[in-house]
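Per-entry structural report
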Amino acid sequence: MDIDPGDLLLFARIVETGSFSQAAERTGMPKSTVSRRLSLLEARLGERLLQRTTRRLVLTEFGTSLLEHARKVAEETAAAGALAQHRQGAPNGLLKVSMPADFANEAMGSLLPAFMAKYPAISLQFDLSPRRVDLVAEGFDLAVRMGELPDDATLAARPVVLSTWSLYASPSYTVLRGLPSHPDELFRHDLLGLSRTASGMALWRLLRGKAQWEREVPVRMTGNSPELLARLAAAGAGIASCTDRYAAPLVAAGALVKVLPEWAFPAVTGYAVFPGRRLMPAKTRAFLDMLEAHYEKR
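This write-up is about the structure you can find in this document. Note that the structure is predicted; figures quoted are calculated from it, not measured.

The rules behind each value
Residues numbered from 1 in each chain as written. Predicted model: local features only at pLDDT ≥ 70, side-chain atom pairs only at ≥ 80, totals over all residues. Heavy atoms only, no water. Helix = DSSP H or I, 4+ residues; strand = E, 2+ residues; numbered from the N terminus. Contact = heavy atoms within 4.5 Å. Buried < 20%, exposed > 50% of the residue type's maximum accessible area, 1.4 Å probe, protein only. Arc of directions from axis to C-beta. Pairing = 2+ DSSP bridges. Axes fitted to C-alpha atoms, helices over the stretch in contact; angles between N-to-C directions. Left-handed = near helix turned anticlockwise from the far one by under 90°. Nonpolar A, V, L, I, M, F, W, Y, C, P; charged D, E, K, R; others polar. Polar contact = N/O pair within 3.5 Å; in protein donor to acceptor, adjacent residues only side chain to side chain. 1 Å grid on protein atoms, 1.4 Å probe; cavity = no way out; pocket = protein on both sides within 12 Å on 5 of 7 lines; lining within 4 Å. Points joined across faces, edges and corners; volume = space filled by probe spheres on them. Salt bridge = Lys/Arg side-chain N within 4 Å of Asp/Glu carboxyl O.

1. Describing the environment of Ala202
Relative to the helices and strands, Ala202 resides in strand β8 (residues 201-208). On a C-alpha basis, the gap between Ala202 and Arg285 in space is 38 Å, while along the polypeptide they are 83 residues apart. With near-sequence residues (within four places) excluded, Ala202 lies in contact with Ser195, Arg196, Arg215, Glu216, Val217 and Val219.

Here it is in structure tokens:
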């Protein structure tokens, strides 16, 4: 016989409080719902659990026997709540995280030492491969993913960083090949980008205020690392589409200059993605709070 543990817990609450009204107040349910659920439980069991009188509720013999099991359900529920409360108060356990290697190299080196010092009971496992992990099936607590997210009812997401993208080249490349004055002139240059379309070209969309330029352009090289593209551009390999964050130190060092500075790619949102359960483990919340606080300051 399949019995809902929630009904046993409700039965224990009715006996504990001594009335349907107080049990309803304790559980946050309407009194009519409490009474109906007990009646359905009795119907399923085939016997009465309580004799109702105008003044009080009296346990039947069967109800007395079942009460022991119902109280165990209540005790286990209370223990689970206490465990959850403790974990929310003291983050601990193994935290499995997936994120792009470039993102980890840019942000985690400064963040993780402070995080590990603050939460000594949390151990960390990072997956920095370019593959998109299955968070639920592979037991990951959180992943950082860039760009649009597919619909997935098992996951929840929260935006943590906005990444801006521009075009960059080295001063030596611009001396040798010149600087384009309009996106149409990009076709005469060696281009470095993240991906190709099925045609072998890369679809680039550039914005300047309300103006938009969108074309498929030939790319000399593609790679899934914005940091690598920035370094290749700094070495004179061509004009690269890369994030302003990765390019900034190379620009400051004089190794890169911005190409078509009035034009930029659409900004890309980076999301923290996690299993869509109602209660987030304390270890995951602590890590997510760290990410959000870090990027809010930027």
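2. Here's the deal with helix α9 (residues 244-252)
Helical geometry note: an α-helix holds 3.6 residues per turn, so side chains three or four residues apart project in the same direction. Taken residue by residue, α9 has Asp244, Tyr246, Ala247 and Leu250 as its buried positions. An end-on view of α9 places all buried positions within 150° of arc, on one side of the element. The exposed set on the far side of α9, more than 90 degrees from its buried face, consists of Pro249 and Ala252. At its buried positions, α9 is contacted by α5 (101-118), β6 (155-169), α8 (226-234), β11 (239-243) and β12 (257-259). Following α9 by one or two positions, Gly254 adopts a phi angle in the positive range, close to 80°.

3. A look at the pairing of strand β13 (residues 265-275)
In terms of strand pairing, strand β5 (residues 142-146) meets β13 through four bridges, oriented antiparallel. Counted as the bridge partner of Val144 is Ala272 from β13. As paired elements, β6 and β13 share nine bridges and run antiparallel to each other. What sits directly across from Leu155, in β13, is Pro275.

4. Topic: unusual backbone geometry
Positive phi, close to 50°, is recorded for Leu260, a residue that is not glycine. Tracing the backbone shows Leu260 in the loop between β12 and β13. Among the residues examined, Leu260 registers a relative accessible area of 5% and is labelled buried.

5. Some points on the packing of helix α1 (residues 5-17) against helix α3 (residues 31-45)
In the contact formed by α1 and α3, the axes pass within 10 Å of each other and the chain directions differ by 115°. Judged by the sense of rotation from one axis to the other, the crossing of α1 with α3 is left-handed. Between α1 and α3, the contacting residues are Gly6, Asp7, Leu10, Phe11 and Ile14 on the first element and Val34, Arg37, Leu38 and Leu41 on the second. Its residues assigned to classes, the contact of α1 with α3 comprises six nonpolar, one polar and two charged.

6. Some thoughts on the side chain of Ser163
Along the polypeptide, Ser163 turns up in strand β6. Using a relative accessible area of 5% as the deciding quantity, one classes Ser163 as buried. Here the side chain of Ser163 touches Trp165 through a polar contact of 3.4 Å, side chain to side chain. Here Ser163 is in contact with Met146, Thr243, Arg245, Ala267 and Val268, once residues within four sequence places are set aside.

7. Some details on the layout of surface pockets
The space that makes up the largest pocket amounts to roughly 1300 Å³. Around the largest pocket sit 46 residues that line it, and Met146, Gly147, Trp165, Leu194 and Val268 are the ones nearest its centre. At the level of elements, α5, β5, β6, β8, β11, α9 and β13 are the ones that each hand at least two residues to the lining of the largest pocket. Its residues assigned to classes, the lining of the largest pocket shows 25 nonpolar, eleven polar and ten charged.

8. Regarding the pattern of salt bridges
Under the criterion given, the structure shown has 14 salt bridges. Notably, a salt bridge pairs Asp141 with Lys283, separated by 3.7 Å at the nearest N-O pair. Here Lys283 lies in helix α10 (residues 282-296) and Asp141 lies in the loop between α6 (135-138) and β5, a separation of 142 residues in the sequence. Taken individually, Asp141 and Lys283 each receive the classification buried, so the pair is uniform in this respect. The shortest N-O distance in the salt bridge between Arg215 and Asp184 comes to 3.1 Å. Here Arg215, found in strand β9 (residues 211-218), pairs with Asp184, found in the loop between α7 (171-177) and β7 (191-193); they are 31 residues apart in sequence, far enough to count as distant. The class for Asp184 is partly exposed, based on a relative accessible area of 36%. Residues joined in a network through salt bridges with shared partners are Arg13, Glu16 and Arg26.

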